[in-house]
Amino acid sequence: MQKSKGITIQRHIIEQERLFPQATGDFTGLLWDLSIAAKIISREVNKAGLAEILGLTGGVNIHGEAVKKLDVYANERICKSMEHGGHLCIMASEENEDVVPVPDEFPKGKYVLMFDPLDGSSNIDANVSVGTIFSIYRRKTTGKEATVDDCLRKGTEQVAAGYIVYGSSTMMVYTTGHGVYGFTLDPSIGEFLLSHEKIKIPPKGKIYSINEGNTYVWDEGTRRYVSYLKENDSLTGRPYSLRYIGSLVADFHRNLLYGGIFLYPADYKDPGKPKPKLRLLYEANPLAFIVEQAGGMASTGRERIMDIQATELHQKVPLVIGSKEDVLTYEKFFSQKGK
Ligand code: AHM
Ligand code: MG
């Protein structure tokens, strides 16, 4: 990682594009539009603490207008910022039950955008970091209009993925399959500046992140794995540290930089019907693409996340993601469950 040399995200995207002489600039425009939506959402998230005073969200503002909750706002902001550029043919969002078509008045492009507009938004009132997650594919159907089939894909087909974390500073992290780059928003000039170049996750971490309140609904393998993390590690001579924010982007971002493992296993209350919580298309796949590009792994415990063929827009999967050695060890424990 290097300190910023004042390289803006726009310059970085253009330079990346130049590596591909056949590129049309479409993709560059798409990422650029997304970064602008991110800045606008960041501004609104930063005002969240003023909601009570100014009536910014969920109530009526000083002009007597109804003001939207931040997750609804973020969803609409991204749709509005992305629909007119001519880069996209269809979108899907965690906030919408069905696909979001590009309105007829706008030209259609060759890309598909899927996103979680404001993940962890239940944390906002306590000033905890939240994030936007996105995933981009090339269109695959050939008919006049793009369809849901353009969204039901395998993570391995992603052409780009990223997230924005609205934390003590706002950062945008993305990959196009050529490494992972992080940009920090400089509020004084309103630009994302390159701050983290070619991010690599340590091969093994010292942190685990899981909602331990769910211990009694986990499978046996996960229970034994988490107990194992509390024993003294052979390398460090001390147990792993538990760090759980309860906001996926923030937990993932910390583990990406420091090393470690994040787990959201399925709920086995009904052992015949395990219930995962996180979404394949909006949460697991984009973070899996990033972590793999950074040298880490993302698994359900049984299979690679990015190999799963999506069959439903809001499909949920168990997610175990982070440092490679940690995820591999988890997979061993998981495969021995019940023993
Ligand atoms: P959301 O998409 O409704 O915000 O839910 C996803 C969030 C993640 O950010 C976080 O990792 C997880 O839910 C926390 O769940 P829990 O409160 O069950 O630990
Ligand atoms: Mg979410």
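- Per an unreviewed UniProt entry, the recorded name for the protein chain is Fructose-1,6-bisphosphatase class 1, and the organism is Candidatus Brocadia sapporoensis.
- Under the heading Sequence similarities (unreviewed entry), UniProt records this for the protein chain: "Belongs to the FBPase class 1 family."

## Considering the overall build of the protein chain
- Check the secondary structure of the protein chain and you find 8 helices and 15 strands.
- Over its C-alpha trace the protein chain gives a radius of gyration of 20 Å, about what one expects of a compact globule, namely 20 Å for 339 residues.
- C-alpha extents for the protein chain along the principal axes are approximately 60 × 50 × 45 Å.
- Sequence separation of 24 or more characterises 63% of the internal contacts of the protein chain that already satisfy a separation of 6 or more.
- As presented, the protein chain carries roughly 15700 Å² of accessible surface, and 51% of it is formed by carbon and sulfur atoms.
- Side chains of the protein chain carry 41 positive and 42 negative charges; the gap between the two charge centres is 5 Å.

## Some words on the UniProt feature "binding site: Mg(2+) 1" (unreviewed entry) in the protein chain
- Summarizing the sequence annotation, UniProt attributes the feature "binding site: Mg(2+) 1" (unreviewed entry) to Glu-94, Asp-116 and Leu-118 in the numbering used throughout. These residues run over 25 residues, yet every pair of their C-alpha atoms falls within 9.1 Å of each other.
- Structurally, Asp-116 can be placed in strand E3 (residues 111–119).
- Residue classification places Asp-116 among the buried residues on the basis of a relative accessible area of 1%.
- If we ignore the near neighbours within four places in the chain, the residues touching Asp-116 are Glu-94, Gly-131, Thr-132, Ile-133, Tyr-282 and Glu-283.
- Inspection of the secondary structure puts Leu-118 in strand E3.

## Examining helix H6 (residues 248–258)
- With respect to burial, H6 is a largely interior element, 9 of its 11 residues being buried.
- Residues of H6 that are buried include every one of Leu-248, Val-249, Ala-250, Asp-251, Phe-252, His-253, Arg-254, Asn-255 and Leu-256, and no others.

## Observations concerning the site of ligand 1
- Around ligand 1, the structure places 16 residues, and the nearest of them are Asp-119, Asn-211, Tyr-244, Leu-248 and Tyr-264.
- Within the side chain of Glu-94, an N or O atom sits 3.0 Å from an oxygen atom of ligand 1.
- Between ligand 1 and Glu-283 there is a distance of 3.3 Å, counted from an oxygen atom to a side-chain nitrogen or oxygen.
- A total of 470 Å² of accessible area belongs to ligand 1 in isolation, and the protein chains cover 77% of it.
- For the shell around ligand 1, the secondary structure elements donating two or more residues are E3, strand E11 (261–264) and strand E12 (278–279).
- A class-by-class count of the residues in the shell around ligand 1 yields 5 nonpolar, 5 polar and 6 charged.
- There are two domains that each give the shell around ligand 1 at least three residues, and those are domain 1 (9–196) and domain 2 (207–335).

## A few points about the side chain of Asp-326
- As for its placement among the helices and strands, Asp-326 is situated in helix H8 (residues 324–335).
- One buried charged residue, Asp-326, forms no salt bridge at all, with the nearest opposite charge on Lys-204 at 4.5 Å.
- Looking at Asp-326, its side chain comes within polar contact range of the main-chain nitrogen of Gly-205, at 2.7 Å.
- Setting aside residues up to four positions removed in sequence, Asp-326 forms contacts with Pro-203, Lys-204, Gly-205, Tyr-225, Tyr-240, Gly-260 and Ile-261.

## Quick look at unusual backbone geometry
- Positive phi, close to 65°, is recorded for Asn-127, a residue that is not glycine.
- Along the chain, Asn-127 falls in the loop between E3 and strand E4 (130–138).
- Phi is positive for Lys-198, close to 45°, though the residue is something other than glycine.
- Relative to the assigned elements, Lys-198 resides in the loop between strand E8 (191–196) and strand E9 (207–209).
- The exposed category is assigned to Lys-198, whose relative accessible area is 54%.

Rules behind the numbers
Residues numbered from 1 in each chain as written. Chains lettered and ligands numbered in written order. Predicted model: local features only at pLDDT ≥ 70, side-chain atom pairs only at ≥ 80, totals over all residues. Heavy atoms only, no water. UniProt positions renumbered as here; feature names shortened; annotations may be inferred. Helix = DSSP H or I, 4+ residues; strand = E, 2+ residues; numbered from the N terminus. Rg over C-alpha atoms; globule rule 2.2 N^0.38 Å. Contact = heavy atoms within 4.5 Å. Areas by Shrake-Rupley, 256 points an atom, 1.4 Å probe, with all protein chains shown as cover. Lys, Arg positive; Asp, Glu negative; His and termini not counted. Charge placed at Lys NZ, Arg CZ, Asp CG, Glu CD. Buried < 20%, exposed > 50% of the residue type's maximum accessible area, 1.4 Å probe, protein only. Near = heavy atom within 4 Å. Polar contact = N/O pair within 3.5 Å; in protein donor to acceptor, adjacent residues only side chain to side chain. Nonpolar A, V, L, I, M, F, W, Y, C, P; charged D, E, K, R; others polar. Domains from an automatic or database assignment. Salt bridge = Lys/Arg side-chain N within 4 Å of Asp/Glu carboxyl O.

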